[in-house]
Amino acid sequence: MTRKSPSSTLSLFSASAAAQAASEAPLALRMSPRTLDEWAGQEHLLGEGKLLRRAVEADRLSSAIFFGPPGCGKSALARLIAKKTKSAVEELNAVTAGVNDVRAVIDRAKDRRSMGQEKTLLILDEIHRFNRSQQDALLPDVERGLFTLIGLTTENPFFYVNSALISRAQVFEFKPLSEPALEKVLTNALQDKDRGLGQKNIDLDADAKAHLIFQANGDARRLLNALDLAALTTKPEPRGDIHITLSVAEECVQKRSLVYDKSGDQHYDIASAFIKSLRGGDPDAALYWMSRMLKAGDDPRFLARRLIISASEDVGNADPRALLMAHAAFAAVEFVGMPEGRIPLAQAVTYIASAPKSNAAYLAIDKAMAEVESGQTREVPNHLKDASMDRESLGHGKGYLYPHDFPNHFVPQDYWPNPVKLYEPTDLGYEAEMKKRLQSWRSQPKQTSEKNS
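Just so we're clear, the structure is a prediction, and the values are computed from it rather than from any experiment.

Draft legend 1. Representation of helix α19 (residues 360-374) in the model. Over its 15 residues, α19 runs 21 Å from end to end, which matches the ideal 21 Å to within 8%, given 1.5 Å per residue. Those residues of α19 not exposed but buried are A360, A364, A368 and E371. For α19, the arc enclosing every buried residue in end-on projection is 75 degrees, short of the 170-degree limit, so these residues lie on one face. When the buried face of α19 is taken as reference, the exposed residues oriented beyond 90 degrees from it are M369, E373 and S374. Elements that come into contact with the buried residues of α19 comprise α20 (431-443).

This is the structure we're talking about:
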């Protein structure tokens, strides 16, 4: 039988939560699935025969970390596990808990083991908010199996949780709920007479239903909160029906939920999608991902800097104007600010995404850096050395051929000992012209001052 942790003032995972859920709790908590058959979504984790489902059904779940966006079912599954398990349930929230709280849980788990009583299940919400020393306090006892840990987080644990702790736990990624899954959640809430709104005789218009599902954006909690608000604030009709129209639904959820943390995992995932869309030649996708970041309040200068990098790394000399366009967009954002700055950003995005691509310059600098680091050390040839400061007596600068004194302002000569080809231009865009020119220059025999004296 599960017990409420002494360190908790309000349990969301213990048996007492069931009593609370029957009365004053929010609709989202009341409608938390009681069995896996009531579950909506996360079929890749909880579908028939899946590993996580089998482990939960058999009460044999090892330490695990559930991560994913808000409202996708992480806490709901933890509540279901807490209800089903034969272990004693402890719960902590990393926002308020410290090392002393962790040690108290460990001590109680040791007492249970020494007395041959229940196993212990520790549900740690917001695990990513524990610092390294707090996470390290869990490590030895997780490894020894003193308790089973379920960590819940909205952040990617591979960034925020110690690798040693991750190696001792299974990581399960929860996805935003699909629209069919959200529709199932909404339907269940409307029909359930014990925990949901089934006794209220709610008439939900089809367009209002579609609006609630769309605006929830994969978040079941947001969906149910909006539905609950609509039901509670809509005056019943004479026959007692509660008619929820589109206008009512729009009032209850006016702005679509954007799952985005400017300093977290979502920021880097969306930024990565933005950059890869530029590189892949899809201006529509690049504009969408950029808009996601701007709508979420990301710094437009961050986007402008990424454009400058992409213009050199991915477009390069296939279209040298891309770098000028990106730099101009950065200057424009600094000059005019937002929201008007979105316009030059969009111009640069569409130009760079649509430009011919070459990463030859990017590859060349990496080869050059590697040559400097691990290749042979080369001395500067005498004819290239600085001849000022009375160094001519040492031969500095002697034999240098000034290219502008020759036809076409070019003369082949050695510019470094034991040359290695680093820059290999492509046949794309303007770089094709550069390739022809370099091939012509490289094919000419080297000259020395003696040949031209």
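Draft legend 2. Spotlight on the pattern of salt bridges. All chains considered together, the criterion is met by 22 salt bridges. As a salt-bridge pair, E38 and R34 come within 2.8 Å of each other at their nearest N and O atoms. Since its relative accessible area comes to 24%, E38 is described here as partly exposed. For E126, the salt bridge is made with R129, and the minimal N-O distance between the two is 3.2 Å. Within this structure, R34, E38, D192 and R195 form a network of salt bridges that share partners.

Draft legend 3. Spatial organisation of the packing of helix α16 (residues 300-315) against helix α17 (residues 321-336). As a packed pair, α16 and α17 sit with axes 8 Å apart at the nearest point and diverge in direction by 175 degrees. As summarised for this structure, α16 and α17 are arranged roughly antiparallel, according to the angle between their axes. For the pair formed by α16 and α17, the contact residues are P300, R301, A304, R305, L307, I308, A311, S312 and V315 on the first element and A322, L323, A326, H327, F330, V333 and E334 on the second. Split by residue class, the contact of α16 with α17 holds 11 nonpolar, 2 polar and 3 charged.

Draft legend 4. Summary view of the nonpolar core. Judged by nonpolar contacts, the single largest core of 30 residues is most densely connected at L212, L223, L227 and I244. Elements with a contribution of two residues or more to this core: α2 (27-30), α10 (179-191), β6 (202-204), α11 (206-216), α12 (220-233), β7 (242-244) and α13 (246-252). Among the elements that make up this core, the one with the highest residue count is α12 (7 residues). Leaving out residues up to four positions away in the same chain, L227 has contacts with L27, L186, A189, L190, L197, L212 and I244. Counting 25 residues, the second largest nonpolar core, distinct from the first, contains M290, M293, A326 and A355.

How each quantity is defined
Residues numbered from 1 in each chain as written. Predicted model: local features only at pLDDT ≥ 70, side-chain atom pairs only at ≥ 80, totals over all residues. Heavy atoms only, no water. Helix = DSSP H or I, 4+ residues; strand = E, 2+ residues; numbered from the N terminus. Expected span 1.5 Å × (residues − 1). Buried < 20%, exposed > 50% of the residue type's maximum accessible area, 1.4 Å probe, protein only. Arc of directions from axis to C-beta. Contact = heavy atoms within 4.5 Å. Salt bridge = Lys/Arg side-chain N within 4 Å of Asp/Glu carboxyl O. Axes fitted to C-alpha atoms, helices over the stretch in contact; angles between N-to-C directions. Parallel < 35°, antiparallel > 145°, perpendicular 65-115°, else oblique. Nonpolar A, V, L, I, M, F, W, Y, C, P; charged D, E, K, R; others polar. Core = buried A, V, L, I, M, F, W, Y, C linked by side-chain atoms within 4.5 Å.

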